[in-house]
Amino acid sequence: MPTESELVQRARQGDEGAFAALVEQNQSRIFNLALRMTGNPDDAAELAQEALINAWKGLSKFQGGSSFATWLYRLTSNACIDFLRREKRRSGLSMTVSLDEDEEERQVELPDLRYSPEVEAERRELRAAIREGLETLSEEHRKVLVLRELDGLSYAQIGQILGLEEGTVKSRIARARVALRKYLVSTGNFSPPPSSTS
């Protein structure tokens, strides 16, 4: 069975079968990324398709500095970010956003739909607040936070996808979390921890 780099080489020479094999290896992964970023299967399918078309058109520009899968992941991420920036009324995102470096301790969690209509209404309100909060972030902060919180990527993976040093990724995520926390606190959707008095 040919390796990924052999398939890429053949695809670059116009071999559609080789490109189809690359698509087959990666399509569920990029669809899942798009679904987590958009929260809508139809949008996710369309954006995954867009990323694959961009990959086929841009194969000549692929330098092989990273794996084809990582490059395709980056194309998908960019397509989703562009879509989310254009889309003002987004479908609901189902996510948990950790707002502190110590992710186990404090998280904004979206309540389960199985409970009361009041809880469901609160859940929708919180999701809307998180989406609005993400829109208030700069593009660079939003992108790293989405990759970290929606897709659960490591700092190293995010750095590879975005072409950043791991330290830069960490500092951007930290600043993005602070900005999102401030937004959620200011809109009454997230209570800061009680200050300890000594």
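Here, the structure is the one placed above.
Just so it is clear, the model here is predicted, and its values are computed rather than measured.

Engineer: Can you break down the overall build of the protein chain residue by residue, with the values?
Structural biologist: In terms of helices and strands, the protein chain carries eight helices and two strands. In the protein chain, the succession of helices and strands from N to C terminus is α-α-α-α-β-β-α-α-α-α. When each of the 198 residues of the protein chain is scored for burial, the buried share is 41%. Considering only contacts within the protein chain whose residues lie at least 6 apart along the sequence, 61% involve residues at least 24 apart.

Engineer: Residue-level account of the packing of aromatic side chains, with values.
Structural biologist: Applying the stated criterion across every chain yields a total of five aromatic pairs. Grouped by ring-pair contacts, the aromatic residues Phe19, Trp56, Phe62, Phe68 and Trp71 constitute a single cluster. Here Arg148 stacks its cationic end above the ring of Tyr155, 4.2 Å away from the centre of that ring.

Engineer: Talk me through the packing of helix H7 (residues 155-162) against helix H8 (residues 166-186); I want residue IDs and the actual numbers.
Structural biologist: Taken N-terminus to C-terminus, the directions of H7 and H8 make an angle of 105°; their axes are 8 Å apart at the nearest point. When the axes of H7 and H8 are compared, the pair comes out roughly perpendicular. Each of Tyr155, Ala156, Ile158 and Gly159 in H7 lies in contact with H8, whose residues at this interface are Glu166, Val169, Lys170, Ile173 and Arg177. The residue makeup of the contact of H7 with H8, split by class, is five nonpolar, one polar and three charged.

Rules used in this analysis
- Residues numbered from 1 in each chain as written.
- Predicted model: local features only at pLDDT ≥ 70, side-chain atom pairs only at ≥ 80, totals over all residues.
- Heavy atoms only, no water.
- Helix = DSSP H or I, 4+ residues; strand = E, 2+ residues; numbered from the N terminus.
- Buried < 20%, exposed > 50% of the residue type's maximum accessible area, 1.4 Å probe, protein only.
- Contact = heavy atoms within 4.5 Å.
- Phe/Tyr/Trp six-rings, centres within 6.5 Å; stacked < 30°, edge-to-face > 60°.
- Lys NZ or Arg CZ within 6 Å of the ring centre and 35° of its normal.
- Axes fitted to C-alpha atoms, helices over the stretch in contact; angles between N-to-C directions.
- Parallel < 35°, antiparallel > 145°, perpendicular 65-115°, else oblique.
- Nonpolar A, V, L, I, M, F, W, Y, C, P; charged D, E, K, R; others polar.

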